[in-house]
Amino acid sequence: MMKRLIIIASLVLLWQMAAEWGVLNPLIVGTPLMIAQAAKKNGLIFIMALRVTLFEMICACALAWSSGLIIGMICGANKCRTLCVTPLISAMIAVPLVVLYPVIVAWAGIGPISKIIYGAAAGFFPMTLSVINGVNGIDQRYIVMARAMGASRLTILIDIYARFALPSIMSGLRIGTSLLIIAIIQSEMLSATDGLGFWISYYRSLFAVGDVYFGVILVLCIAAFINQILSYAEQRLRFTMI
Amino acid sequence: MIASPPLLNAAHISRYFGEGAERFCALDDISLTLKQGQFISIVGPSGCGKSTLMQMLGGLTQPTQGDITIDGERIDGPQPNKIGIVFQDALLLPWKTALENIEFPLHLNKDGTKSDFRARAQEALDLVGLSDVGHRYPHELSGGMRQRIAIARGLIRNPKLLLMDEPFGALDEQTRTRMWGELLSIHARSGTSIIFITHSLLEAIYLADDVMVMAAKPGRIIETIQIDLPRPREVHMIGSDYVGSLRNHIWDLIAGPTAR
Amino acid sequence: MKLNFLTFGDRGAARLWRAAIIIALFSLWEMAGRYHFLDNDILPPLSRIFDMMLRLINDRHFRYDAWITLNECLITFAIVVPVGLVTGFILGENQRLHRHLGPIFQLAMTTPKSIFLPVFILLFGIGIVEKIIFASVLTYFIIVPTGIAAVQSLSPSLLMMARSFGATKTDIYLRLYIPACLPLIISAIRLGLIFSMHGIIFAEMYASSEGIGRSILAWGESFDMVRLFAAVALVMIITISLNETLTWLEHISRRQRLEY
């Protein structure tokens with residue numbers, strides 16, 4: 001851990017020096033100092049933008065997770081439904097979803113709603129697929145056994161389906177959320193009025209290099225943070241479930 | 001026996017794994033010589049380092065101490081033109097036909113034309129008695145057939161030495177017994193030296209000229225026994241008193257008090 | 001005991017249902033358009049969109065844009081897939097490198113790399129080069145883990161077998177990894193295609209003067225819904241067809257590599 005911090009710190013120093021000695025053109029490549037200055041000057045704007053972006057992500061997650069789980073479990077539990085739905089979902093995953101974004105914007109405007117819808121869509125398909133695969137893979141004999149012991153439908157759903165499918169579901173949620181984050185950032189960059197993506201683009205058009213880098217770092221931080229939380233949750237649940 | 005210089009000479013080889021406190025000795029001071037045309041089997045308990053020994057003899061790993069030479073030259077890497085190896089699982093490439101699998105070593109060393117390779121592969125296939133299955137894929141063949149193809153592949157470059165690491169381990173007893181006959185006739189016809197590693201005491205005795213008995217922890221050779229059975233061998237010899245007493249003797253060596 | 005046994009009935013039923021759902025959706029759409037359930041400007045009827053799709057295909061400007069986008073995708077794809085696969089192979093083989101560099105790729109997979117596009121534009125300006133570099137970087141980090149997985153899926157004994165017969169590094173890459181991991185490699189190609197397209201189209205939408213992405217964004221901004229839907233539909237048809245073809249190829253190659 002210490003070693004990594006030292007490596008990062010020395011790289012940052014090297015960067016600053018390279019720019020000062022003219023090896024790298026600071027106007028194009030930027031320097032750590034510029035990033036710090038940008039942070040001081042426009043920090044507040046970025047924090048407000050962060051709030052907006054985070055809000056969009058959370059709403060999109062809520063939407064994607066709930067619909068993904070519900071539809072995934074309903075379809076996964078039934079062989080015929082699975083076979084019917086899975087090709088449709090796989091096909092949607094193959095499409096570069098960005099092309100649908102202008103459609104969503106035309107319908108929902110360039111405010112946060114379009115981002116939430118788009119992000120949710122981006123996360124929904126991979127998540128649902130994972131949930132279906134997780135539920136599908138359950139050995140039907142467990143269901144038969146539970147029913148023979150008199151378990152109600154609800155108990156079966158919770159105790160058996162949920163438990164066995166949980167690893168797949170968690171991993172699906174994690175992957176889907178990554179894609180969701182990527183989608184929301186992309187949508188903010190394309191047409192938006194607020195949010196980190198928007199402000200990064202804005203500063204890019206002003207050639208304010210320090211601000212651009214600062215924004216990028218913030219985005220990376222959120223993404224890393226959320227991914228860590230989900231990974232951690234996945235690990236913990238894995239242990240408690242066995 | 002013809003008095004000729006040994007083909008293979010392993011002098012005081014040892015193999016250690018790990019470093020510092022975790023260092024342990026897998027093989028301790030093993031020496032063996034092999035003459036041209038000789039059939040040696042190596043038998044020992046699980047974990048005695050038989051496979052490690054075989055990998056060193058085949059040039060796949062290096063001994064920590066000691067040298068192995070073949071034809072007087074040190075073995076410091078795989079020797080595809082002098083040594084052929086038959087592994088425990090046939091390890092055929094699933095996407096190639098039987099003939100293509102047998103040709104595989106030839107393609108790697110590229111000394112000849114494609115039709116040349118095909119002809120030689122068919123010859124090797126004939127040698128192991130599977131002339132008609134050349135165009136089948138491994139998943140279409142039985143375990144015994146796959147091993148025979150692996151043997152054909154091992155022999156394709158006419159090596160002086162064939163190393164076999166428990167090749168018949170996964171086969172049922174009857175197939176195994178039939179394979180013994182096949183292997184012995186291949187040995188007689190090709191004159192290749194063979195080092196055969198096995199768990200099975202009877203297999204070791206029945207096939208070989210000499211049996212080297214190993215012990216575990218650390219892996220070492222306890223005794224080398226010369227087998228006084230005439231060639232060609234016959235299956236009924238397995239039921240003889242001679243073989244029975246040899247087997248008991250080896251069992252005592254491996255599982256008895258001296259094993260520790 | 002009820003087993004997960006698929007009869008033709010299940011698959012056939014699923015297909016029928018799927019067709020029924022799609023037909024129902026399309027019919028609903030068409031009717032909504034014709035009978036003005038929804039404002040025609042928001043959701044144009046299917047027939048008009050279909051009409052426009054044909055008109056776009058025949059339109060020179062659109063074809064030119066499509067050509068540009070396609071070229072950019074192909075170039076990206078042609079660069080990244082081989083380089084990414086080889087990187088994946090190297091990392092998969094080499095434990096040390098994997099330990100040091102592996103986490104970087106893990107990290108890269110989950111970050112929204114699109115956020116670097118403004119940085120790329122600052123560094124390289126706006127143009128084909130910047131788009132290709134961006135899409136390449138995006139796709140590269142997806143392909144490498146696939147390459148690593150491909151190599152790690154190979155049984156190490158097959159590797160040992162090939163080495164014992166004298167296989168060089170090139171031999172191993174060409175004759176072992178590629179044929180053995182063909183399904184995963186086709187999967188890598190499929191992902192390469194998807195993500196190249198994603199990256200290129202996004203880069204075009206963000207900052208470009210030509211290409212399909214640019215046109216789609218422009219039509220969206222000017223609320224030219226019919227053209228927008230038509231173009232989106234065309235892109236979707238092409239991507240889905242490519243994806244299905246590659247998935248089918250992957251499926252076929254998987255059957256050939258039947259484990260035995």
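Residues take numbers from 1 onward in each chain, read along the sequence in its written order. The lettering of chains begins at A and the numbering of ligands begins at 1, in the order of writing. Reporting in this predicted model follows two pLDDT cut-offs: at least 70 for local features of residues, and 80 or more for side-chain atom pairs to be given and counted; totals over whole chains, interfaces and linings ignore these cut-offs and use all residues.

Draft legend 1. View of the arrangement of the chains. Note on contacts: residues are paired as contacts if their backbone-placed C-beta atoms lie within 7 Å. Across the 2 pairs of chains that are in contact, the largest number of contacts falls between chains A and C. Of all C-alpha pairs spanning chain A and chain B, none lies closer than 25 Å, and the two are not in contact.

Draft legend 2. Looking closely at the nonpolar core. Counting 205 residues, the largest nonpolar core has A:Leu180 and B:Ile102 as its most contacted members. Those residues in contact with B:Ile102 that sit more than four places away from it in its chain are B:Ala121, B:Ala124, B:Leu125, B:Ile149, B:Ala152, B:Arg153 and B:Ile156. Only buried residues count toward a nonpolar core: Ala, Val, Leu, Ile, Met, Phe, Trp, Tyr and Cys, linked into one set through C-beta atoms within 7 Å. Backbone-placed C-beta atoms define the burial measure: a residue is buried with 20 or more other C-beta atoms within 10 Å of its own, exposed with 12 or fewer, and partly exposed in between.

Draft legend 3. Region of interest: the interface of chain C and chain A. Across the contact, 40 residues belong to chain C and 40 residues belong to chain A. Counting from the N terminus, the helices are the DSSP runs of H or I reaching at least four residues and the strands are the DSSP runs of E reaching at least two. Of all the secondary structure elements, the ones that give two or more residues to the side of chain C that touches chain A are helix H1 (8–34), helix H5 (117–124), helix H9 (182–206), helix H10 (212–221) and helix H11 (225–256) of chain C. Ranked by residue count, the leading element in the side of chain C that touches chain A is H11(C), at 8 residues. Split into classes, the residues belonging to the side of chain C that touches chain A amount to 28 nonpolar, 8 polar and 4 charged. For this classification, Asp, Glu, Lys and Arg are treated as charged, while Ala, Val, Leu, Ile, Met, Phe, Trp, Tyr, Cys and Pro are nonpolar and the rest, including Gly, are polar.

Draft legend 4. The confidence of the model for chain C, seen in detail. Residue and element names in this part refer to chain C. The predictor's confidence in any single residue is recorded as pLDDT, a number from 0 to 100. Model confidence for chain C is summarised by a mean pLDDT of 86, while 95% of its residues fall at 70 or above. Long-range and interchain partners of residues 1–6, a stretch whose pLDDT sits below 50, account for 6 contacts in this model, where long-range means more than four residues apart. Interface confidence in the predicted complex, given as ipTM, is 0.85; pTM for the same model is 0.79.

Draft legend 5. A look at the packing of H5(C) against helix H6 (residues 128–152) of chain C. Residue and element names in this part refer to chain C. Note on geometry: axes are lines fitted to C-alpha atoms, helical ones only across the stretch in contact, with angles between N-to-C directions running from 0 to 180 degrees. Viewed as axis vectors pointing N to C, H5 and H6 meet at an angle of 140°, and their least axial separation amounts to 10 Å. Between H5 and H6, the angle is such that the two are oblique. When you trace H5 past H6, the crossing you get is right-handed. Packed against H5, whose contacting residues are Leu117, Phe120, Ile121 and Phe124, the element H6 presents Val129, Glu130, Ile133 and Phe134 at the interface. Angular relationships are summarised with four words: roughly parallel below 35 degrees, roughly antiparallel beyond 145, roughly perpendicular across 65 to 115, and oblique for the angles in between. Two helices that cross are described as forming a left-handed crossing if the nearer one is turned anticlockwise from the farther one by less than a right angle, and a right-handed crossing if clockwise.

Draft legend 6. Spotlight on the sheet that holds strand E2 (residues 24–34) of chain B. Spatial ordering of the open sheet is given by E2-E1-E4-E5 (chain B), a layout of 4 strands whose pairing is antiparallel. Strand pairing shows two members of the sheet lacking a second neighbour, E2 and strand E5 (73–74) of chain B, which therefore form its edges. The pairing criterion for strands is at least two bridges between them, as found by DSSP.

Draft legend 7. Main features of the pairing of strand E7 (residues 161–165) of chain B. Residue and element names in this part refer to chain B. Extensive coverage of E7 is indicated by the burial of 5 of its 5 residues. Where burial is concerned, the two faces of E7 agree: the one with Leu161, Leu163 and Asp165 and the one with Leu162 and Met164 are both buried. The sheet contact formed by strand E6 (residues 83–86) and E7 spans 4 bridges and is parallel. Within the sheet, the bridge partner assigned to glycine 84 lies in E7 and is leucine 162. Here E7 runs beside strand E8 (residues 193–198); their pairing, made up of 5 bridges, is parallel. Following the sheet pairing, aspartate 165 is matched in E8 by isoleucine 197. Read from E7 through helix H5 (residues 173–190) to E8, the crossover connection turns out right-handed. For crossovers, right-handed means that the path from the first strand over the helix to the second runs clockwise, given strands pointing away from the viewer.

Draft legend 8. The arrangement of the environment of A:Ser171 in detail. Residue and element names in this part refer to chain A. The topology assignment puts serine 171 in helix H8 (residues 153–190). Among the residues examined, serine 171 registers 18 C-beta atoms within 10 Å and is labelled partly exposed. For the pair serine 171 and methionine 127, spaced 44 residues apart in sequence, the C-alpha to C-alpha distance is 8.5 Å. Setting aside anything within four residues of it in sequence, one finds serine 171 in contact with Ser130 and Glu234.

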